Structures are given as structure tokens and as C-alpha cells.
Amino acid sequence: MAESERELQRVVDEFHSVSKRRKLKVNVSKSKVMVFERSETEVIDFATPYRVGVPTGTKCEITLRGERMEEVKEFKYLGTVMCKHGSMEREIRERAMRGRQVIGSLGRIMKGRSVSMEVKRGLRNSIILPTLTYASETRTWSRAHQYRIGAVEMSYLRGACRHTRGDGESNESVYERCGMSEKAIGIECGVVERVKRNTLRWFGHVERIQSEEFVKKVYGSEVVGPGVRGRPPVRWQNRVKEYVKERNMRGRGGLDQVRRECWNRENWRHFCRGHPLGGRERGVRAIDR
């Protein structure tokens, strides 16, 4: 990674020279370049006779052994799709697609009459749920993202109950048929609630990291410069504050109070699983009204 095209070319050349000394060859066709920037806008090109709109994207020409590396708008890294404009829409579509592929492969088991609901629920917890929530703790989820992921989970549960959307049965009743609840304490909760718990768990983990660690430095860094016009984007910490507020945490200290409470790992672990923060009542549902 580099902040300019010139600096990136220098890093690529140095990487190539080090690989060459160790008798390693870099595959240029499999190496990509991506520029992280704001969303593209269209401007009118008055030089053309029809004054067409031209996108204003930044071009980056990086060469390796005299061959130009391909510039892409999205790239999959460690199973996560990264987009040049910072949008999570492509990654959410990828999670939904992978989840539906898993559901298709489990179709015979999901709809089998000889398979108990306990086994179907176990397949959901061990296969489908990890597929839908992979790396979910670091994303800023919108309502549309939650609905899309929740629809994939509900398609599996309706198939397990041998019901369709045409039957007119609500999501809450489908959860009850499967022995679950949308906001149950423990793993038998809905996928949306699972995403929120993963986010809170990661928040507590990052807050407890030592200040000299690289992850903590990135977490506490601030981006300087002029902002964009319009409504400011929702930040990840805004979502954390929203998830905490949904659990009716005692007190109104906001994120400052949460940062103090997360150092008690046992209480924070119970809170992420649905228990009230500061209380040890295992049977009380803090998030159910």
C-alpha cells in the first residue's frame, strides 16, 4: 500500500527485486492494482460534440517487469470483497450468494422428513451462520444489509419447516417452529442479532488491546481533510453505540461508559450474549421488551 502512484511503483519494484534474489517469480496476470477513493462522479466533457458524461476516476499505471498490472474496482482478500469506494454492498451480496449456495447443497437434508429439527438447527448454527456472518464484526451494517442477510437465513428456516412465503406465516412464528427466537440469549438467535453480538465482541477486544499495537493505532486514527457534501457517513462506532442502546444498558454514559465496562471480560461476554450489563441474572432478557 502507498499514498501515491510513484510510491507504489517504488514498492512494487523493490518487491520484485527481493523476489528475484530469492529465485521467486511474481505472476503479473494474478497481481492487481486498486485505487481507494471516493465515489466517481460524472462531469460534462465540452470537447465532444455531444457533451457526454465522463467518469472522474483516478488512473494508476503500475508496471512489473515492463508489463502493466491490471487495475480493478474490487478485489477479494482473505475471503472479503474490498471495493475502491469503500462500499460494503458487494461484500453483502457475496455473503448472501454464498449462503444460498450452502442452502442449495443442503436442500435434501433441509426438506427431509426423516431429519429432526435439532439436526437442521445444528446445520444452521455450524454451516449457514458462519457463512453469513464471516468478518461481520468489522462492517458498518445498514438496514438493507440486515434485511438481505436475514432473508437468506429465513429461506433456510422456512424450508426446514416445509413452509413457503406464500403460506403467510410471520418470521417470528417460523423461529418458534425451529425452537429459536429472533433475539434469544445464546446461539439460538437470528442472524441479524448474531451480527450485532459479533460487533460488540470485537469492540471490546479492540478496546482492550495495548496502545502500541498496530490494530489499536489504526482504530484510534482520524482522517483529516475536507469532507464530502451531504449527510456524513455512518461510522462503525455509531453502530456500536446503537447496538448498546438497543440492549437498554443502565446509565447514559454512551461510548465512554461502554469503554470502561468492556474491561470486565466476563460481564462483557454475558452482555454480548444478551444479558444485562452489570447484572448476573442469567434468565433475564435485556433486549426483549
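Analysis parameters
- Residues numbered from 1 in each chain as written.
- Predicted model: local features only at pLDDT ≥ 70, side-chain atom pairs only at ≥ 80, totals over all residues.
- Heavy atoms only, no water.
- Core = buried A, V, L, I, M, F, W, Y, C linked by side-chain atoms within 4.5 Å.
- Buried < 20%, exposed > 50% of the residue type's maximum accessible area, 1.4 Å probe, protein only.
- Helix = DSSP H or I, 4+ residues; strand = E, 2+ residues; numbered from the N terminus.
- Contact = heavy atoms within 4.5 Å.
- Pairing = 2+ DSSP bridges.
- Expected span 1.5 Å × (residues − 1).

Going by the annotation in an unreviewed UniProt entry, the name recorded for the protein chain is Reverse transcriptase domain-containing protein, with Petrolisthes cinctipes given as the source organism.

Asker: Describe the nonpolar core, and please don't skip the residues or the numbers.
Answerer: If you look at soluble globular proteins, the nonpolar side chains tend to sit buried side by side. Core analysis: the biggest nonpolar cluster contains 36 residues, and Ile128, Tyr156, Leu157, Leu200, Phe203, Val240 and Trp268 have the highest contact counts within it. Of all the elements in the fold, those that place two or more residues in this core are helix H2 (89-105), helix H4 (117-132), helix H5 (143-160), helix H6 (171-177), helix H7 (191-207), helix H9 (236-246), helix H10 (254-261) and helix H11 (265-272). Ranked by residue count, the leading element in this core is H5, at six residues. Sequence-distant contacts of phenylalanine 203, that is, excluding residues within four places in its chain, are made with Tyr219, Trp236, Val240, Leu255, Val258, Arg259 and Trp268. Grouped together as the second largest cluster of nonpolar side chains are ten residues, Val12, Val28, Val33 and Val35 included.

Asker: Report on the pairing of strand S7 (residues 74-77), specifying residues and quantitative values.
Answerer: Alignment of S7 against strand S8 (residues 80-83), held across four bridges, turns out to be antiparallel. By the bridge assignment for S8, phenylalanine 75 is matched with methionine 82. What sits between the antiparallel neighbours S7 and S8 is a turn of two residues, in which leucine 78 has the positive phi angle 55°.

Asker: Explain H5 to me, and be specific about the residues and the numbers.
Answerer: Over its 18 residues, H5 runs 26 Å from end to end, which matches the ideal 26 Å to within 8%, given 1.5 Å per residue. Every buried residue of H5 is listed here: His145, Gln146, Ile149, Gly150, Val152, Glu153, Met154, Tyr156, Leu157, Arg158, Gly159 and Ala160. Looking one or two residues beyond H5, the residue adopting positive phi is arginine 162, at roughly 60°.

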